[in-house]
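Listed here are the chains, written in short residue letters.
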Amino acid sequence: MSTNSDPMVKCPICGFLYYHYTNIVCPRCNFDKQDISQNESLYAITATIAQKDAEIERLREAHPRAFKLMKKEKFFLVVAIDEPYFINVYDTIRAHEKAKGTWTKKDEIAWFELTRDGAI
Ligand SMILES: [Zn+2]
């Protein structure tokens, strides 16, 4: 932690340690700690990007298959669990994937958890 008597300061942008008595700006990235408005803008932008990244990561963990398909830029259908035909679509996918041999134990557990009596 830096105090007023500490001759070293850590650049908030690049993390470089430098003598604030002899350097007004960071010698590595030229960040000017005197420029408060620049400072506040950079912190606000960095915080906003970090929040958006965290939200995207949360969604990616919740829906990994959707992200995989979006990355491939393939057309795909979305069937919400509360649609009356959800179970028909899910069963069709299950039968097809089982015939292909690509239906995993993990898929079967997920299918069972969603389709057992009263789950949907
Ligand atoms: Zn710097």
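Structure shown above.
Anyway, here's the lowdown on the structure attached to this text.

What counts and how
- Here the residue index of a chain counts from 1 through its sequence in written order.
- The predicted nature of this model means local features are confined to residues of pLDDT at least 70 and side-chain atom pairs, given and counted, to a pLDDT of 80 or more, with totals for whole chains, interfaces and linings taken over all residues.
- The way it works is that DSSP assigns letters per residue, a run of H or I at least four long becomes a helix, a run of E at least two long becomes a strand, and they are numbered from the N terminus.
- As a rule, residues whose C-beta atom has 12 or fewer other C-beta atoms within 10 Å are exposed, those with 20 or more are buried, and those in between are partly exposed; C-beta atoms are placed from the backbone.
- Axis definition: a line fitted to C-alpha atoms, over the contacting stretch in the case of helices. Angles run 0 to 180 degrees between N-to-C directions.
- Angle categories are assigned with fixed cut-offs, so that under 35 degrees is roughly parallel, over 145 is roughly antiparallel, 65 to 115 is roughly perpendicular, and the rest are oblique.
- What makes a crossing left-handed is the near helix being turned counterclockwise from the far one by less than a right angle; a clockwise turn instead makes it right-handed.
- C-beta atoms are first placed from the backbone for all residues, and any pair lying within 7 Å is then listed as a contact.
- We call Asp, Glu, Lys and Arg charged. Ala, Val, Leu, Ile, Met, Phe, Trp, Tyr, Cys and Pro are nonpolar, and the rest, Gly among them, are polar.

Comments concerning unusual backbone geometry
Even without glycine at this site, Asn30 takes up a positive phi of about 65°. Here Asn30 shows up in the loop between strand E2 (17–19) and helix H1 (36–62). Judged by the 11 C-beta atoms lying within 10 Å of it, Asn30 falls in the exposed class. Look at Glu73: it is not a glycine, yet its phi comes out positive at around 55°.

Observations concerning the packing of helix H3 (residues 86–100) against helix H4 (residues 105–115)
The contact between H3 and H4 brings their axes to 12 Å, and the two run at 160°. Between H3 and H4, the crossing angle belongs to the class labelled roughly antiparallel. Between H3 and H4 lies a crossing whose hand is left-handed. Here Ile87, Tyr90, Arg94 and Glu97 of H3 lie close against H4, whose contacting residues are Asp107, Trp111 and Thr115. A class-by-class count of the residues in the contact of H3 with H4 yields 3 nonpolar, 1 polar and 3 charged.

Coordinates in, geometry out; function isn't part of it.
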